[in-house]
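What the coordinates show
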Amino acid sequence: MTVLKGLENPQMKNLKHRIKDILTGPAYKTKEWPDENRYYIFAVGNQNCLRSALPSITDDLLFKIVCEAFADSRTRTEWCAGIFERLNDRHEFRNALPLSDLFKSHDSCKC
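Cut-offs and rules
Residues numbered from 1 in each chain as written. Predicted model: local features only at pLDDT ≥ 70, side-chain atom pairs only at ≥ 80, totals over all residues. Heavy atoms only, no water. Helix = DSSP H or I, 4+ residues; strand = E, 2+ residues; numbered from the N terminus. Buried < 20%, exposed > 50% of the residue type's maximum accessible area, 1.4 Å probe, protein only. Contact = heavy atoms within 4.5 Å. Salt bridge = Lys/Arg side-chain N within 4 Å of Asp/Glu carboxyl O. Axes fitted to C-alpha atoms, helices over the stretch in contact; angles between N-to-C directions. Parallel < 35°, antiparallel > 145°, perpendicular 65-115°, else oblique. Left-handed = near helix turned anticlockwise from the far one by under 90°. Nonpolar A, V, L, I, M, F, W, Y, C, P; charged D, E, K, R; others polar. Core = buried A, V, L, I, M, F, W, Y, C linked by side-chain atoms within 4.5 Å. Phe/Tyr/Trp six-rings, centres within 6.5 Å; stacked < 30°, edge-to-face > 60°. Pairing = 2+ DSSP bridges.

1. Let's talk about the overall build of the protein
Along the backbone of the protein there are four helices and five strands. Reading the secondary structure of the protein in the N-to-C direction produces β-β-α-β-β-α-α-β-α. For the protein, the proportion of its 111 residues judged to be buried stands at 40%. Counted over contacts in the protein with a minimum sequence separation of 6, partners at least 24 positions apart contribute 61%.

As structure tokens, then:
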């Protein structure tokens with residue numbers, strides 16, 4: 001849980017800030033999908049093959065991906081890259097995701 005007595009956990013706040021820095025870097029871009037009021041983040045390497053017509057990944061599968069990527073990474077940058085690599089491997093889902101969904105999975109991950 002990220003909230004302690006009404007205050008955000010400082011370590012979680014730092015993690016979110018660092019991940020936002022990574023995801024606004026040159027390896028990632030954002031796009032607003034038609035008929036949706038949310039911006040999705042995707043790896044730049046996938047920008048010519050975004051699966052726009054497919055649904056977003058489910059919360060439980062995203063949670064699993066986040067934890068697997070964490071276990072296989074040594075840095076936050078590798079962790080983010082691993083999440084998007086695994087997401088791209090799931091061909092039945094959109095290979096982009098809302099930042100809020102990613103943070104929801106990070107918050108829940110007890111890796």
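After presenting the structure, the write-up continues.
2. Digging into the pattern of salt bridges
If you walk through the whole model with that rule in mind, you get five salt bridges. Of the charged contacts in the structure, one is a salt bridge between R86 and E68, with a shortest N-O distance of 3.7 Å. Pair noted here: R86 is in helix α3 (residues 76–89) and E68 is in helix α2 (residues 59–71), with a separation of 18 residues, a long-range link. A salt bridge links E92 to R90, with the shortest nitrogen-to-oxygen separation between them at 2.8 Å. One continuous salt-bridge network, built from bridges that share partners, spans E68, D72 and R86.

3. Some thoughts on the packing of α2 against α3
For the pair α2 and α3, interaxial distance at closest approach is 8 Å and the crossing angle is 130°. Taken as axis vectors, α2 and α3 run oblique relative to one another. With respect to the hand of their crossing, α2 and α3 are arranged in right-handed fashion. Residues I65, V66, E68, A69 and F70 of α2 lie in contact with α3, whose contacting residues are W79, G82, I83, R86 and L87. Of the residues in the contact of α2 with α3, the class split is seven nonpolar, one polar and two charged.

4. Some details on the nonpolar core
The biggest cluster of nonpolar side chains holds 22 residues, and the ones touching the most others in it are L23, Y28, I57, W79, I83 and F84. Counting only elements with at least two residues in this core, the list comes to α1 (10–23), β4 (39–43), α2 and α3.

5. Description of the environment of L99
Mapped onto the secondary structure, L99 falls in helix α4 (residues 99–108). On the basis of relative accessibility, which here comes to 23%, the residue L99 falls in the partly exposed class. Expressed as a C-alpha distance, the spacing of L99 and F42, which sit 57 residues apart in the sequence, is 9.9 Å. Contact partners of L99, with chain neighbours within four places excluded, come to K20, L23, Y39 and I41.

6. Re the packing of aromatic side chains
Inspection of every chain in the model, using the stated rule, returns three aromatic pairs. When the centroid spacing of 5.2 Å and the interplanar angle of 50° are considered together, the rings of Y28 and F84 count as tilted. Within this pair, whereas Y28 is found in strand β3 (residues 28–32), its partner F84 is found in helix α3, the two being separated by 56 residues in sequence. Residue class for Y28 comes out buried when judged on its relative accessible area of 10%.

7. Comments concerning the pairing of β4
With respect to burial, β4 is a largely interior element, four of its five residues being buried. Where β3 and β4 come together, five bridges link them in antiparallel fashion. Paired with K31 across the bridge in β4 is Y40. Between β3 and β4, which pair antiparallel in sequence order, lie six residues; one of them, D35, sits at a positive phi of approximately 65°.

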